[in-house]
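Architecture and fold: a report
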Amino acid sequence: MEHLSSRRRAYDRGLRFLLYLCAGITCALLVFLIGYIFYHGLGSISWQLLSTQSSYLNDTIGILPNLLNTLYIILVSMVVVLPLGVGAAVYLTEYATNHKVVNIIEFATETLTGIPSIIFGLVGMLFFIQIMGLKQGILAGGLTLVLMILPVIVRTTQESLKTVPQSYREGALALGAGKWHTVRTVVLPNAVDGIITGCILAVGRIVGESAALLFTAGFGLVLNSFGTALQSSSATLTVALYVYASERGETEVAFAIAAILMILTFLINLAANLVGRKLKKSK
Amino acid sequence: MSVILQVRDLNLWYGDHQALQNIQMDVPANEITALIGPSGCGKSTFLKSINRMNDLIPGVRIEGTVTYSGINIYDPAVDTTWLRKQIGMVFQKPNPFPMSIYDNIAYGPRTHGTRSKLQLDEIVETSLRDAAIWNEVKDRLKSSALGLSGGQQQRLCIARALAVKPDILLMDESTSALDPISTAKIEDLAVELKSKYTVIIVTHNMQQATRVSDKTAFFLLGEVVEFGDTERIFSTPVDKRTEDYITGRFG
């Protein structure tokens, strides 16, 4: 007995050590990555970098155009994807009666979320630019991103619609409310937190996306107004990072952009968390 | 006694399973009709076929007629919005919307087009008074209905149903989730309501049926075994099965 229990204790201790090690390595990697990027990047962030565009004549680098392009592309994608995705989700959960078809569509949207983004870029280039005749720019890039984040919006909206108790719908219908009236006044208001969280996550994906934009939004580093940017080559922050790092050898600028992206991602996730928590509390 | 609802040869299937068989019933106006019977006997299904809430369940097939104010409610031309405004429903579990008390009551009238603040205020007050909950909530009409107790929530749901001025009020085991005091309040309320409305209640509680109802229908395996004056059903049941059920031999 004595022998067995001491062996057990050793085994227990060994296993616990291994688990601590796993957690420690994960943490260390994360801290190292964040620290490394901030260490190299923060020093290069300057007001000039943030507020000007690159100039070959003055030999200065500025990422204002890329910051704006990122905002533009978020705007374009969200304006298109939000009504489309929420509409599709409402149809699938509230209206559709053929469960086989719904299952197939749900499976398809799930699969779509797992497809490498470069493939969306390829399809976007072929469809929006070659076939539809758009120019490389924010519009083509934004529409490509719509394809990519549509499944995210549809899934998160569906999930939050499903959490609305059936008794709310019954209550409204029993008062003589029509189907759409019930959805608009009782179901959607109670699913809003989930939809907002989905949107914020989608914005996060847009900010972080590069592969899908290489072919569609382009590499342009010139400052454009919103109208012009729609149809002219415009690099977002992530694409600019790629350009500065690999084509112009400006590693410091690349790290500065990386640091900015990290901060943005952090803020977006924080916002998603806060919104989720606040809306949950108010219920 | 005037008949407000006339049910003839009503059959209902969930897929292949027949849940209601040849139901005949004349529901008297301004009285309380209780539907009793063991679980799964079809009483709730029958109740839901009066305001066509069964339409929401996929695979339901219905034959026969339910005549209300001269119209067969299963006529394809009947607008369920109109029907459910005339025939209100209170569910087993209180289901107030996650809105303010005021907005809960105003939901129905707003749905049917009442916009004026003055009118809504008046409807909210009379409905809450009719449901005997006005004094408890009049000072906090703007706070969430979810903060009320279960019994208050259920009376709020009754007020919400009354706010659209229905003819008939259906109550589907509306006290089974409540404590005895709340139950007593709702029973008293049901008795008061029959001066203005016709009430049909489904109940598992036979004392409740004897306390509040004028007519009782005993359901078994999707059939109405016996239907008549409550007093008569409970004192001298004609059918052996009714007697067995009310004396507690099964159920």
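Summary of the structure given here. (Residues numbered from 1 in each chain as written. Chains lettered and ligands numbered in written order. Predicted model: local features only at pLDDT ≥ 70, side-chain atom pairs only at ≥ 80, totals over all residues. Heavy atoms only, no water.)

Some words on the sheet that holds strand β5 (residues 71-72) of chain B
All names here are of chain B. Defined as follows: The pairing criterion for strands is at least two bridges between them, as found by DSSP. Helix numbering and strand numbering both begin at the N terminus, where a helix is a DSSP run of H or I of at least 4 residues and a strand a DSSP run of E of at least 2.
With antiparallel pairing, the four strands of this open sheet are ordered in space as β2-β1-β4-β5. Single-partner strands in this sheet number two, and they are β2 (17-28) and β5. Here eight bridges tie strand β1 (residues 3-14) to β2, and the two strands are oriented antiparallel to one another. When the bridges of β2 are listed, tyrosine 14 appears paired with histidine 17.

Re the pairing of strand β6 (residues 87-90) of chain B
Residue and element names in this part refer to chain B. What counts, and what does not: Only protein chains enter the accessibility calculation, which uses a 1.4 Å probe; a residue is then buried when its area is under 20% of its type maximum, exposed when over 50%, and partly exposed in between.
Side-chain alternation along β6 places Ile87 and Met89 on one buried face and Gly88 and Val90 on a second face that is also buried. Of the pairings in the sheet, the one linking β6 to strand β7 (residues 168-172) comprises four bridges and is parallel in character. Among the inter-strand pairings, methionine 89 is bridged to a residue of β7, identified as leucine 170.

Some points on the layout of surface pockets
Keep this limit in mind: Within this scheme a cavity is a closed region of a 1 Å grid, computed over the protein atoms alone, that accommodates a 1.4 Å probe without allowing it to escape, whereas a pocket is open but has protein on both sides within 12 Å along at least five of seven lines; lining residues each have an atom within 4 Å of a point. Grid points are joined across faces, edges and corners, and a volume is the space filled by probe spheres set on the points. Gly is placed with the polar residues, together with every amino acid not listed as nonpolar (Ala, Val, Leu, Ile, Met, Phe, Trp, Tyr, Cys and Pro) or charged (Asp, Glu, Lys and Arg).
By volume, the largest pocket amounts to about 710 Å³. Taken together, 24 residues line the largest pocket, and the ones lying closest to its centre are Glu94, Gln166 and Lys179 of chain A together with Leu56 and Pro58 of chain B. Among the residues forming the lining of the largest pocket, the class breakdown is twelve nonpolar, four polar and eight charged.

Side note on the side chain of threonine 33 of chain B
Residues and elements named next belong to chain B. Here is the rule: What makes two residues a contact is simply this: any of their non-hydrogen atoms within 4.5 Å.
Position of threonine 33 relative to the elements: it lies in strand β3 (residues 32-36). Among the residues examined, threonine 33 registers a relative accessible area of 0% and is labelled buried. Setting aside chain neighbours within four positions, we find threonine 33 in contact with Val27, Pro28, Val199, Ile200, Ile201, Ser213, Lys215 and Phe227.

Details of a nonpolar patch on the surface
The line we're drawing: Patch membership needs two things, relative accessible area over 30% and no salt bridge, and members are linked within 9 Å if like-charged or within 5 Å if nonpolar (Val, Leu, Ile, Met, Phe, Trp, Tyr). We get accessible surface area from the Shrake-Rupley algorithm with a probe of 1.4 Å; when it comes to residues, only the shown protein chains can shield them. Salt bridges are counted wherever a side-chain nitrogen of Lys or Arg sits within 4 Å of a carboxyl oxygen of Asp or Glu.
Where nonpolar side chains cluster on the molecular surface, the patch consists of Tyr11, Leu15, Phe17, Leu18, Leu21, Ile25 and Leu29 of chain A and spans about 740 Å² of accessible area. As for its placement among the helices and strands, leucine 15 of chain A is situated in helix α1 (residues 2-41).

Looking at unusual backbone geometry
Residues and elements named next belong to chain B. In this model, asparagine 22 sits at a positive phi of 45°, which is unusual for a non-glycine residue. At serine 69, a residue that is not glycine, the phi angle is positive and equals roughly 45°. Tracing the backbone shows serine 69 in the loop between β4 (60-68) and β5.

Observations regarding the sheet that holds strand β9 (residues 215-220) of chain B
All names here are of chain B. Applicable threshold: Simply put, an axis is a line fit to the C-alpha atoms, just over the touching stretch for a helix, and the angle between two N-to-C directions goes from 0 to 180 degrees.
In space, the six strands of this open sheet follow the order β6-β7-β8-β3-β9-β10, with mixed pairing throughout. Sheet topology places β6 and β10 (223-229) at the edges, where each strand pairs with a single neighbour. Averaged over neighbouring strand pairs, the angle between their axes works out to 15° when direction is ignored. Two strands pair when backbone bridges link them, and β3 and β9 are joined in this way by four bridges, in the parallel orientation. Counted as the bridge partner of alanine 34 is threonine 216 from β9. Against the sheet, helix α6 (residues 150-162) makes contact with β6 and β7, and its axis sits at roughly 170° relative to β6, the strand it touches most.

Quick notes on empty space enclosed by the protein
Empty pockets left among the atoms are what a rolling probe the size of a water molecule brings to light. Tallied over the full model, the rule gives three cavities of 30 Å³ or more. Taken as a whole, the largest cavity spans an internal volume of roughly 90 Å³. Taken together, Met171, Glu173, Ser174, Thr175, Ile186, Glu187, Ala190, Ile201, Val202, Gln208 and Val212 of chain B make up the lining of the largest cavity. Mapped by element, the contributors of at least two residues to the lining of the largest cavity are α7 (180-193), β8 (198-202) and α8 (206-212) of chain B. Ranked by the residues each element gives to the lining of the largest cavity, the list is headed by α7 of chain B, at three residues. Of the residues that constitute the lining of the largest cavity, the class distribution is six nonpolar, three polar and two charged. Considering only enclosed or pocket space, the second largest cavity measures out at about 40 Å³ in volume. In terms of lining, the second largest cavity is formed by Gly171, Ala174 and Leu175 of chain A together with Gly88, Met89, Phe91, Cys157, Arg160 and Ala161 of chain B.

Things to note about the packing of helix α3 (residues 101-111) of chain B against helix α4 (residues 117-130) of chain B
Helix packing for two helices is described by the angle between their axes and how far apart those axes are. Residues and elements named next belong to chain B. Rules: When an angle is under 35 degrees it counts as roughly parallel; over 145 it counts as roughly antiparallel; between 65 and 115 it counts as roughly perpendicular; any other value is oblique. By convention the crossing between two helices is left-handed if the near helix lies anticlockwise of the far one by an angle smaller than a right angle, and right-handed if it lies clockwise.
Two numbers describe how α3 lies on α4: the axes approach to 9 Å, and their chain directions differ by 110°. On the basis of the axis angle, α3 is roughly perpendicular to α4. Pair α3 / α4 crosses with right-handed handedness. Contact residues: α3 offers Ile101, Tyr102, Ile105, Ala106, Pro109 and Arg110, while α4 offers Lys117, Leu120, Asp121, Ile123, Val124, Ser127 and Leu128.

Remarks on the interface of chain A and chain B
We apply this condition: By buried area we mean how much accessible surface two parts lose on assembly, using a 1.4 Å probe and totalling the loss over both. Polar contact criterion, stated in full: a pair of N or O atoms within 3.5 Å, where within protein one must be able to donate a hydrogen and the other to accept it, and residues adjacent in sequence count only if both atoms are side-chain atoms.
Facing 16 residues of chain A, the contacting portion of chain B comprises 21 residues. In this assembly, chain A packs against chain B so that about 1,500 Å² is buried in total across both faces, 67% of it on carbon and sulfur atoms. At the junction of chain A with chain B, the criterion picks out zero salt bridges. Along the contact surface separating chain A from chain B lie four residue pairs in polar contact (both at pLDDT 80 or more). Here the side of chain A that touches chain B gets seven residues from one element, more than from any other, and that element is helix α7 (residues 166-174) of chain A. Each residue belonging to the side of chain A that touches chain B can be placed in one class, and the counts come to seven nonpolar, eight polar and one charged.

Concerning the pattern of salt bridges
Inspection of the entire model under this criterion finds 20 salt bridges over all chains. One salt bridge in this structure joins arginine 52 of chain B and aspartate 55 of chain B, with 2.9 Å as the shortest N-O distance. Look at aspartate 55 of chain B and you get partly exposed, because its relative accessible area is 36%. Linked by salt bridges that have partners in common, Glu110, Arg155 and Glu159 of chain A make up one network.

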